[in-house]
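# Report on the structure
One-letter residues, chain by chain:
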Amino acid sequence: MFRSLTSIAVGLTAAAALVSPAYATKATPPALANGLSVTGDKAEVQNEHIKETQKLGKNEACRFPVKIQADVRIRRVITNGGDDVYERARGHVKVTNRWTHESLSFRINDRTWIEVDDKDGIAGYGRGQFLAFGDDITVKSHRQGHVSAANRGHERNEGIYYVQGKYKFSITNVSSEDAAGRIYVKRGHVLDVCKALVGHRKGH
């Protein structure tokens, strides 16, 4: 499942609910997959504080087990009956290699505009800094080419990526375990976090 911390995707909240647009869970029926439906024509404003720690085992996102600690505040404005969302995310995320205890801290400062379709998908564009991770994620960059899984040799696109810049994205099958994300960075840079934290430990 494609996950993310802020602004686009399925993430650190319980049972892989979106840490931003869509807020889908396994139990959410497709008709309400975005979970952001509002009544009437008035805009709805949501404020959320994501402060969680998640541990991922070996080969879940990287070749080594990782710990992801998030402290992110999100403000969401939902309009057009839940079909359009503007999201602002700010905070910090720390990723730690649990074998070597090496870690990297990332600033989250992101703005995203999202559209929800009728087929259990979302798409949009944004700019800023955010972290995305998962086992079905494709990350491409105008400047860097195909970034995801480029140096990993996995059968599927896995990894953790820190995106800085202007980007567009799409997520399909938002409410299911088959959720898949695509990110294209039009201007900016993508850091392969797994590669940056690979480290070495005897016996592994």
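Above this text sits the structure in question.
Residues numbered from 1 in each chain as written. Predicted model: local features only at pLDDT ≥ 70, side-chain atom pairs only at ≥ 80, totals over all residues. Heavy atoms only, no water.

## As for the nonpolar core
Residues Val66, Ile68, Val93, Val95, Leu131, Ile160 and Val193 are the most contacted members of the largest nonpolar core, which totals 22 residues. For this core, the secondary-structure elements that each account for two or more residues are strand S2 (44-56), strand S3 (66-79), strand S4 (84-97), strand S5 (103-116), strand S6 (122-134), strand S9 (159-172) and helix H1 (193-196). Those residues in contact with Val95 that lie beyond four places of it in its chain are Val66, Lys67, Ile68, Glu102, Ser103, Leu104, Phe106, Leu131, Ile160, Val193 and Leu197. Val85, Ile122, Phe130 and Ile137 belong to the second largest nonpolar core, which has 19 residues in total. (Core = buried A, V, L, I, M, F, W, Y, C linked by side-chain atoms within 4.5 Å. Buried < 20%, exposed > 50% of the residue type's maximum accessible area, 1.4 Å probe, protein only. Helix = DSSP H or I, 4+ residues; strand = E, 2+ residues; numbered from the N terminus. Contact = heavy atoms within 4.5 Å.)

## Here's the deal with unusual backbone geometry
One non-glycine residue, Asn59, adopts positive backbone phi at about 70°. Within the secondary structure, Asn59 is located in the loop between S2 and S3. Phi at His101 takes a positive value of approximately 70°, unusual for a residue other than glycine. Along the chain, the position of His101 falls in the loop between S4 and S5. Residue classification places His101 among the exposed residues on the basis of a relative accessible area of 62%.

## Describing the packing of aromatic side chains
As enumerated under the stated definition, the model contains 5 aromatic pairs in all. Their ring planes at 55° and their centres at 4.8 Å tell us that Phe130 and Tyr167 sit as a pair that is tilted. Of the two residues, Phe130 sits in strand S6 while Tyr167 sits in strand S9, which places them 37 residues apart along the sequence. Aromatic side chains Tyr167 and Phe169 sit 6.4 Å apart centroid to centroid with 45° between the ring planes, which places their arrangement in the tilted category. Under the relative-accessibility criterion, Tyr167 is labelled buried at 0%. Cluster of aromatic residues (ring-pair linked, three or more members): Tyr86, Trp113 and Tyr125. (Phe/Tyr/Trp six-rings, centres within 6.5 Å; stacked < 30°, edge-to-face > 60°.)

## Quick notes on the environment of Asp110
Within the element layout of this structure, Asp110 appears in strand S5. Here the alpha-carbon distance between Asp110 and Arg88, two residues 22 residues apart in the chain, equals 5.8 Å. Here Thr112 takes part through its side chain, which lies 2.9 Å from a polar atom of the side chain of Asp110. Side chain to side chain, Asp110 and Tyr167 meet in a polar contact 2.9 Å long. (Polar contact = N/O pair within 3.5 Å; in protein donor to acceptor, adjacent residues only side chain to side chain.)

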